[in-house]
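The residues making up each chain are set out below.
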Amino acid sequence: MSTPIKVAVFSTKPYDKHYLQAACPPESNIQLTFHPVPLTPETASLVTKASADAVCVFVNDHLPSPVLSHLASSGVRAILLRCAGSNNVDLPAAQALGLSVANVPAYSPEAVAEFAVALLQTLNRQTHRAHARVREGNFSLDGLMGRTLRGKTVGLIGTGRIGVAFARIMSAGFGCRVLAHDPFRNPAFEPYGSYVDDLAALLPQCDVLSLHCPLTESTKHVINADTLALLPDRAILVNTSRGGLVDTKALIHALKARKLAGVALDVYEGEGSLFYDDHSGEIIQDDVLMRLLTFPNVIVCGHQAFFAEEALREIADCTVRNLQDIMARRPCENALVSPDSSQGGEENRRSEVK
Ligand code: NAD
């Protein structure tokens, strides 16, 4: 039998283990070591000399240059992202160290788009509050008034795979008018809506604004005091993309000023130290998040939009394909960085923020 391929998997949850093991049958000769902790400068020492050919990480693992240097000097050749976003990996440093980095650019965009719709309609029709009331024997409708979506204008920032899936549902399903801002036009979006080149011209038209762009230098805090002020009063904001797109303090200010009808967040800029773990018995120290949770018109979920069976299966299968391509020194279609080419994955990469 050939030498096994050793993979250290970080931020492992039971579902990661289940789907990754299913994607690695015995004949694949892949040895998975599961670490429940995230990969950070503090935990990188779990990867010892020759213990892993690859590390497999998720959205809140943190791979700055010193972590990558440690991995490279321990014999790691590949960083396998079980997600699309790569804002948590210093890609230029990985390139300089001769590492390969590959992501899973497309895994059931519908999983995220459908979740964004679920958040939007929960908030709009207040089913979360109705459910809590009815369980207490309170059948009053006071305060639960919603609005229909038909004919309303939905604005998107980002029209990639998820943005297009969301646009299709909102346009074909709900009969909304869909407008979008994206510096890279996507022909797949065009059946469902129109582009507005100037974000400042898009925002005043949005009854609903949904974020579907990556976190980059140019998109960090794209929703801030100035852009929030451009939204019409009573707009709904949905963010299933990355927390750093929204300046949370400015958002709280806008909520206190009753500017917005509601906000649905699946992601939060300070999520790294909280999300994916149970902190229910602790005193949470993040006052910004805790203030956000006090608003009756805010829903926060713990970065779960991707969390559907189809998506987890695709993530695991694609991660294993990326690993096998890199280890066999075959071209890897999802390479963000490849040691053989400074151009690796340029199309896929779009310089996400550190
Ligand atoms: P994608 O790469 O297919 O599309 C991203 C789109 O954003 C592209 O069309 C790109 O041109 C556009 N864009 C880039 N810079 C922009 C800017 N400055 N303004 C407007 N648009 C800009 O990615 P995707 O698969 O559609 O995913 C979108 C984002 O969703 C990811 O970057 C990731 O952060 C997030 N995501 C979240 C979850 C979750 O569970 N909540 C799951 C998957 C992805």
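Everything discussed here concerns the structure shown above.
Residues numbered from 1 in each chain as written. Predicted model: local features only at pLDDT ≥ 70, side-chain atom pairs only at ≥ 80, totals over all residues. Heavy atoms only, no water.

Explain empty space enclosed by the protein to me, please; I cannot follow it from the model alone.
If a probe as big as a water molecule is rolled over the atoms, it shows which places are left empty. Under the criterion given, the structure shown has three cavities of 30 Å³ or more. Along its surface, the largest cavity is lined by Asn 124, Arg 147, Thr 148, Leu 149, Lys 152, Asp 207, Val 208 and Ile 236. Residue composition of the lining of the largest cavity, grouped by class: three nonpolar, two polar and three charged. Computed from the structure, the second largest cavity encloses a volume of approximately 50 Å³. Taken together, Tyr 15, Asp 16, Tyr 19, Leu 20, Arg 82, Leu 312, Ile 315 and Ala 316 make up the full set of residues lining the second largest cavity. The set of elements that each furnish at least two residues to the lining of the second largest cavity consists of α1 (14-23) and α11 (309-327). (1 Å grid on protein atoms, 1.4 Å probe; cavity = no way out; pocket = protein on both sides within 12 Å on 5 of 7 lines; lining within 4 Å. Points joined across faces, edges and corners; volume = space filled by probe spheres on them. Nonpolar A, V, L, I, M, F, W, Y, C, P; charged D, E, K, R; others polar. Helix = DSSP H or I, 4+ residues; strand = E, 2+ residues; numbered from the N terminus.)

I keep staring at the state of the cysteines and nothing clicks. Help me out?
Simply put, disulfide is the name for a covalent bond between the sulfur atoms of two cysteines. In this structure the tally under the stated criterion is zero disulfides. Cys 318 forms no disulfide, and the closest cysteine sulfur to it belongs to Cys 332, at a distance of 7.5 Å. (Disulfide = S-S within 2.5 Å.)

Looking at this structure, how should I read the sheet that holds strand β6 (residues 153-157)?
The pairing of strands in a sheet comes from backbone hydrogen bonds and takes either a parallel or an antiparallel form. Ordered in space as β8-β7-β6-β9-β10-β11-β12, the seven strands form an open sheet in which the pairing is parallel. Across the chains shown, the open sheet's two edge strands, defined by having one partner strand only, are β8 (194-195) and β12 (298-300). By the bridge criterion, five bridges tie strand β10 (residues 235-239) to strand β11 (residues 260-265) in an arrangement that is parallel. Residue pairing in the sheet places Leu 237 in a bridge with Val 263 of β11. The sheet contacts of helix α6 (residues 161-173) involve β6, β7 (177-181) and β9 (208-211), and relative to β6 the element is tilted by about 175°. With respect to the sheet, helix α9 (residues 248-256) is in contact with β10, β11 and β12, its orientation differing from that of β11 by roughly 145°. (Pairing = 2+ DSSP bridges. Contact = heavy atoms within 4.5 Å. Axes fitted to C-alpha atoms, helices over the stretch in contact; angles between N-to-C directions.)

Would you mind showing me how to read the site of the ligand here?
Inspection of the region around the ligand gives 26 residues, with Arg 161, Ile 162, Asp 182, Thr 240 and Asp 266 positioned closest. Measuring from an oxygen atom of the ligand, one finds a side-chain N or O atom of Asp 182 at 2.7 Å. Out of a free accessible area of 860 Å², the ligand has 91% covered by protein chains. Grouping the constituent residues of the shell around the ligand by class yields eleven nonpolar, ten polar and five charged. (Near = heavy atom within 4 Å. Polar contact = N/O pair within 3.5 Å; in protein donor to acceptor, adjacent residues only side chain to side chain. Areas by Shrake-Rupley, 256 points an atom, 1.4 Å probe, with all protein chains shown as cover.)

Explain the packing of α1 against α11 to me, please; I cannot follow it from the model alone.
A pair of packed helices is characterised by two quantities: the angle between their axes and the separation of those axes. Axis separation between α1 and α11 bottoms out at 9 Å; the angle between their running directions is 50°. Overall, the two elements α1 and α11 adopt an arrangement that is oblique. Here the hand of the crossing between α1 and α11 comes out right-handed. From α1, Tyr 15, Tyr 19, Leu 20 and Ala 23 reach across to α11, where they touch Glu 309, Leu 312, Arg 313, Ala 316, Asp 317, Thr 319 and Val 320. (Parallel < 35°, antiparallel > 145°, perpendicular 65-115°, else oblique. Left-handed = near helix turned anticlockwise from the far one by under 90°.)

Help me understand the sheet that holds strand β2 (residues 30-34), please; the structure alone is not making it clear to me.
With respect to topology, six strands assemble into an open sheet ordered β2-β1-β3-β4-β5-β13, the strand pairing being mixed. Among the strands making up the open sheet, the edge pair consists of β2 and β13 (335-337). On average, each strand axis in the sheet is inclined to that of its neighbour by 25°, with strand direction left out of account. Inspection of the sheet shows strand β1 (residues 5-9) paired to β2 by five bridges, in the parallel sense. Each residue of the ladder has a partner; that of Ala 8, found in β2, is Thr 33. Against the sheet, α11 engages β1, β2, β3 (54-57), β4 (78-81) and β5 (100-102), with an angle of about 165° to β4.

How do you make sense of the pattern of salt bridges when you look at a structure like this?
Pairing between side chains of opposite charge can happen when the charged atoms of each approach one another. A complete count under the given rule lists six salt bridges for this structure. The partner of Lys 13 in a salt bridge is Asp 277, with the nearest N and O atoms 2.8 Å apart. Taken together, the residues span a long stretch of sequence, with Lys 13 in the loop between β1 and α1 and Asp 277 in the loop between β11 and α10 (287-292) at a distance of 264 residues. You can call Lys 13 buried: its relative accessible area is 18%. Between Arg 168 and Glu 110 there is a salt bridge; the shortest N-O distance is 3.9 Å. With Arg 168 in helix α6 and Glu 110 in helix α4 (residues 109-125), the pair connects residues that are 58 residues apart, well separated along the chain. Residue classification places Glu 110 among the partly exposed residues on the basis of a relative accessible area of 31%. (Salt bridge = Lys/Arg side-chain N within 4 Å of Asp/Glu carboxyl O. Buried < 20%, exposed > 50% of the residue type's maximum accessible area, 1.4 Å probe, protein only.)

Mind showing me how you'd approach the packing of aromatic side chains here?
For any two aromatic rings, the description comes down to two numbers: the centre-to-centre distance and the angle of the planes. A full pass over the atoms with the stated rule returns six aromatic pairs. Here Tyr 276 and Phe 306 contribute two aromatic rings whose centre-to-centre distance is 6.4 Å and whose plane-to-plane angle is 70°, an arrangement assigned as edge-to-face. Separated by 30 residues along the polypeptide, Tyr 276 in the loop between β11 and α10 and Phe 306 in the loop between β12 and α11 bring together distant segments of the chain. The class of Phe 306 is buried, set by a relative accessible area of 5%. Feature note: the residues Tyr 15, Phe 58, Tyr 276, Phe 306 and Phe 307 constitute an aromatic cluster, connected by ring pairs. (Phe/Tyr/Trp six-rings, centres within 6.5 Å; stacked < 30°, edge-to-face > 60°.)

What exactly am I supposed to notice about the nonpolar core here?
A general tendency of soluble globular proteins is for nonpolar side chains to be buried together. Grouped together as the largest cluster of nonpolar side chains are 54 residues, with contacts concentrated most on Val 7, Leu 39, Val 55, Leu 63, Leu 68, Leu 71 and Ile 79. For this core, the element with the highest residue contribution is α11, accounting for nine residues. Those residues in contact with Leu 63 that lie beyond four places of it in its chain are Leu 39, Val 57, Leu 68, Leu 71, Ile 79, Asn 88, Val 89 and Asp 90. (Core = buried A, V, L, I, M, F, W, Y, C linked by side-chain atoms within 4.5 Å.)

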